[in-house]
Amino acid sequence: MAAVARSFGPEREAEPAKEARVVGSELVDTYTVYIIQITDGSHEWTVKHRYSDFHDLHEKLVAEKNIDRSLLPPKKMIGKNSRSLVEKREKDLEIYLQTLLATFPDVAPRVLAHFLHFHFYEINGITAALAEELFEKGEQLLGAGEVFAIGPLQLYAVTEQLQQGKPTCASGDAKTDLGHILDFTCRLKYLKVSGTEGPFGTSNIQEQLLPFDLSIFKSLHQVEISHCDARRIRGLVASKPTLATMSVRFSATSMKEVLVPEASEFDEWEPAGAALEGPVTAVIPTWQALTALDLSHNSISEIDESVKLIPKIEFLDLSHNGVLVMNNLQHLYNLVHVDLSYNKLTSLEGVHTKLGNIKTLNLAGNLLRNLSGLHKLYSLVNLDLSDNRVEQMEEVRSIGSLPCLEHVALLNNPLSIIPDYRTKVLAQFGERASEVCLDNTVTTEKELDTVEVLKAIQKAKEVKSKLSNSEKKVSEDSRLSAGPCVKPSSSPPTAAPTSASLPQPILSNQGILGDE
């Protein structure tokens, strides 16, 4: 099969010759193990073998490749672990390995490649091993509909191999043809790419920093990426028409790196179909099939305008980031589940204008003190506010009137240490107290009875407060309706009223006449 050329990164320089050096040895039980360091360009790794492993390798190469039998230093039965013999063997075995690599400069024989762990660390060896695996199990994996797990180093090797433009079957073994990989990836639906923290295996390879191209995957419905560098990933756009679920964790510093990777070098861009204002550098197609996006455990500080590219998203997980403000979510009309737990949110002002149809909202582990912004989320069913800074029970009233709310979490807030915390919170929900599950604990009959008592006390307080306010108002009205004070005159004084709030006594006609 012809090679497929790819444009990915800078032009690849000519491959430097591989080197193998015996850098030391160590005694294990009764035998000596030789430490081999292999160098392939900037990549290095170590392999450990005892002399008997070298002997087995040599026998196979003599049989399969007609290697000179005298090339390998002979066995020693006496003093085989002596320091002088070991040091001499280190030099002789290094010459032996260097001679083999010079004999097979392009593609090492399978037995030599495995001996030097090329199938773990070297581009040709990695792709050959992967091709053979998919030749044998590819159809079975596709038929079972299972998630296929692969490492960034494997994808890097495939990407580099394709860019080199070499024949897809350089070894001559049909099982290792690169075409088996391309056929499999073209039809795969469920992919998982997981890197490693720190050096990979015994090598100096920082797998999480390797670039790779995912354009060979044409039919993905679900992809999970973790411990990679989102800025070095290309080609995911090839799956935009089919991709429904995407998870990128421990890999990104912004949403744009994930959703607009092909335009990461542009400052100005718009989603396809948008009304363009002013000069636009790039027009980016939307993720028209994407309904679930997990960007948790990254270093994202802003919900930027790239969310416009995911208009059909229903599930959004941005937990364990550094988000400060809930911006731009108003563009996601289908959003029903949002996880913003363990970020740096301090305010919920106007949140109902951005999450109007939300049903599940996780805000645990933020810096929230005030809940007033939640009072108009009328569709909300599940709300997690644990591990925040809410102190006042009055704040709960903001969510007590929400008609659909069923599950609420408020643990590890300052108010959760208030005596009778549960019943006081449940009382804020009035007649719906029995329908609310607080802190993952079903409300008991005893708690409901206490809630009724608290409600009765609260009602009595409200009635008393109304009566008191009414009496104050009557007193104030009577005071204002009394005549203004007048200056003393020569006319006889009239009887003063006994009380401003009581009717005045009426004198009888007889009393008046008797005075005449």
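What counts as what
- Residues numbered from 1 in each chain as written.
- Predicted model: local features only at pLDDT ≥ 70, side-chain atom pairs only at ≥ 80, totals over all residues.
- Heavy atoms only, no water.
- Helix = DSSP H or I, 4+ residues; strand = E, 2+ residues; numbered from the N terminus.
- Buried < 20%, exposed > 50% of the residue type's maximum accessible area, 1.4 Å probe, protein only.
- Contact = heavy atoms within 4.5 Å.
- Areas by Shrake-Rupley, 256 points an atom, 1.4 Å probe, with all protein chains shown as cover.
- Pairing = 2+ DSSP bridges.
- Core = buried A, V, L, I, M, F, W, Y, C linked by side-chain atoms within 4.5 Å.
- Axes fitted to C-alpha atoms, helices over the stretch in contact; angles between N-to-C directions.
- Parallel < 35°, antiparallel > 145°, perpendicular 65-115°, else oblique.
- Left-handed = near helix turned anticlockwise from the far one by under 90°.
- Salt bridge = Lys/Arg side-chain N within 4 Å of Asp/Glu carboxyl O.
- Phe/Tyr/Trp six-rings, centres within 6.5 Å; stacked < 30°, edge-to-face > 60°.
- Bend = angle between axes of the 7 residues up to and from the residue.
- Nonpolar A, V, L, I, M, F, W, Y, C, P; charged D, E, K, R; others polar.

The name recorded for the protein in an unreviewed UniProt entry is Nischarin, from Moschus moschiferus.

## Notes on the overall build of the protein
Looking only at helices and strands, the protein features 12 helices and 18 strands. Buried residues in the protein amount to 43% of all 516 residues. For the protein, the proportion of contacts with a sequence separation of at least 24, taken over those separated by at least 6, is 51%. Within the structure as shown, the protein displays about 27800 Å² of accessible surface, and the carbon and sulfur contribution to it stands at 53%.

## Things to note about the sheet that holds strand β15 (residues 360-362)
Pairing is parallel across the open sheet formed by 11 strands, whose spatial order is β4-β5-β7-β9-β12-β13-β14-β15-β16-β17-β18. The two strands at the open ends of the sheet, each matched to only one other strand, are β4 (148-150) and β18 (437-438).

## Thoughts on the nonpolar core
Core analysis: the biggest nonpolar cluster contains 88 residues, and Leu 191, Met 246, Leu 259, Leu 355, Leu 363 and Leu 374 have the highest contact counts within it. Membership of the second largest hydrophobic core comes to 36 residues, among which are Leu 97, Ala 108, Ile 123 and Tyr 156.

## Remarks on the packing of helix α1 (residues 51-65) against helix α2 (residues 83-103)
Packing of α1 against α2 brings their axes to within 13 Å, and their N-to-C directions diverge by 30°. Considering their axes alone, α1 and α2 lie roughly parallel with respect to each other. Crossing of α1 over α2 shows left-handed handedness. Touching Tyr 51, Phe 54, Leu 57, His 58 and Leu 61 of α1 are Arg 89, Leu 93, Tyr 96, Leu 97 and Leu 100, all from α2.

## Considerations on the pairing of strand β2 (residues 31-40)
Counting buried residues along β2, eight of its 10 residues qualify, which places the element largely inside the surrounding structure. As defined by bridge partners, strand β1 (residues 19-28) adjoins β2 across nine bridges and the pair is classed as antiparallel. For Leu 27, the partnering residue across the bridge sits in β2 and is Thr 32. From the end of β1 to the start of β2, which pair antiparallel, there are two residues, and Asp 29 there has a positive phi angle of about 55°. Pairing between β2 and strand β3 (residues 43-50): eight bridges, direction antiparallel. Counted as the bridge partner of Thr 39 is Glu 44 from β3. Counting the residues in the hairpin turn of β2 and β3 gives two residues, including Gly 41, whose phi is positive at 65°.

## Focus on the pattern of salt bridges
Opposite charge on two side chains permits pairing when their charged atoms draw close. Enumeration according to the criterion identifies 16 salt bridges in this entry. Among the salt bridges present, the one from Arg 249 reaches Asp 294, with a minimum N-O distance of 3.9 Å. Of this pair, Arg 249 sits in strand β9 (residues 245-249) while Asp 294 sits in strand β12 (residues 292-294), placing them 45 residues apart in sequence. With a relative accessible area of 27%, Arg 249 lands in the partly exposed category. According to the relative accessible area criterion, Asp 294 is buried, its value standing at 17%. Notably, a salt bridge pairs Lys 308 with Glu 305, separated by 3.6 Å at the nearest N-O pair. For Lys 308, a relative accessible area of 24% gives the class partly exposed. The structure contains a network of salt bridges with shared partners spanning Arg 83, Glu 87 and Glu 90.

## Observations regarding the packing of aromatic side chains
Applying the stated criterion across every chain, the model contains six aromatic pairs. When the centroid spacing of 6.0 Å and the interplanar angle of 80° are considered together, the rings of Trp 45 and Phe 118 count as edge-to-face. With Trp 45 in strand β3 and Phe 118 in helix α4 (residues 118-121), the pair connects residues that are 73 residues apart, well separated along the chain. In this structure Trp 45 comes out as buried when scored by relative accessible area, which is 1%. Residue class for Phe 118 comes out buried when judged on its relative accessible area of 2%. Residues Phe 148 and Phe 184 carry aromatic rings whose centres are separated by 4.9 Å and whose planes lie at 65° to one another, so their mutual orientation is edge-to-face. Taken together, the residues span a long stretch of sequence, with Phe 148 in strand β4 and Phe 184 in helix α7 (residues 179-187) at a distance of 36 residues. Summarising the burial analysis for this pair, Phe 148 and Phe 184 share the class buried. Three or more aromatic residues joined by ring pairs make a cluster, and in this case those are Trp 45, Phe 118, Phe 120, Tyr 121 and Phe 200.

## Considering helix α5 (residues 123-144)
Helix geometry: α5 is bent most strongly at Lys 137, by close to 65°. Listed as buried for α5 are Ile 123, Asn 124, Gly 125, Ile 126, Thr 127, Leu 130, Ala 131, Glu 132, Leu 134, Gly 138 and Leu 142. Against the buried residues of α5 lie α3 (110-115), α4, β4, α6 (152-164) and α7.

## Focus on the packing of α5 against α6
For the pair α5 and α6, the least separation of the axes is 9 Å and the interaxial angle reads 105°. Here α5 lies roughly perpendicular to α6, going by the angle between them. Here Ile 123, Asn 124, Ile 126, Thr 127 and Leu 130 of α5 come into contact with α6, specifically with Leu 153, Gln 154, Tyr 156, Ala 157, Val 158, Glu 160, Gln 161 and Gln 164. A breakdown of the residues in the contact of α5 with α6 according to their chemical character gives seven nonpolar, five polar and one charged.

## Overview of unusual backbone geometry
For His 297, which is not glycine, the phi torsion reads 55° and is therefore positive. As for its position among the elements, His 297 is in the loop between β12 and β13 (315-317). For Asn 440, which is not a glycine, the phi torsion comes out positive at approximately 60°. Here Asn 440 shows up in the loop between β18 and α11 (445-481).

## What to know about the environment of Asn 328
Turning to its location among the elements, Asn 328 is positioned in the loop between β13 and β14 (337-339). Sequence-wise, Asn 328 and Val 307 are 21 residues apart; in three dimensions their C-alpha atoms are separated by 7.1 Å. Beyond its immediate stretch of four places on either side in the chain, Asn 328 contacts Ile 303, Asp 304, Glu 305 and Val 307.

## Examining the sheet that holds β1
Strand order in the open sheet made by the three strands is β1-β2-β3, with antiparallel pairing throughout. Edge positions in the sheet fall to β1 and β3, since each has one partner strand and no second. Strand-to-strand twist of the sheet, defined as the mean angle between neighbouring strand axes without regard to direction, takes the value 25°. Docked against the sheet, α2 engages β1 and β2, running at close to 150° with respect to β1.

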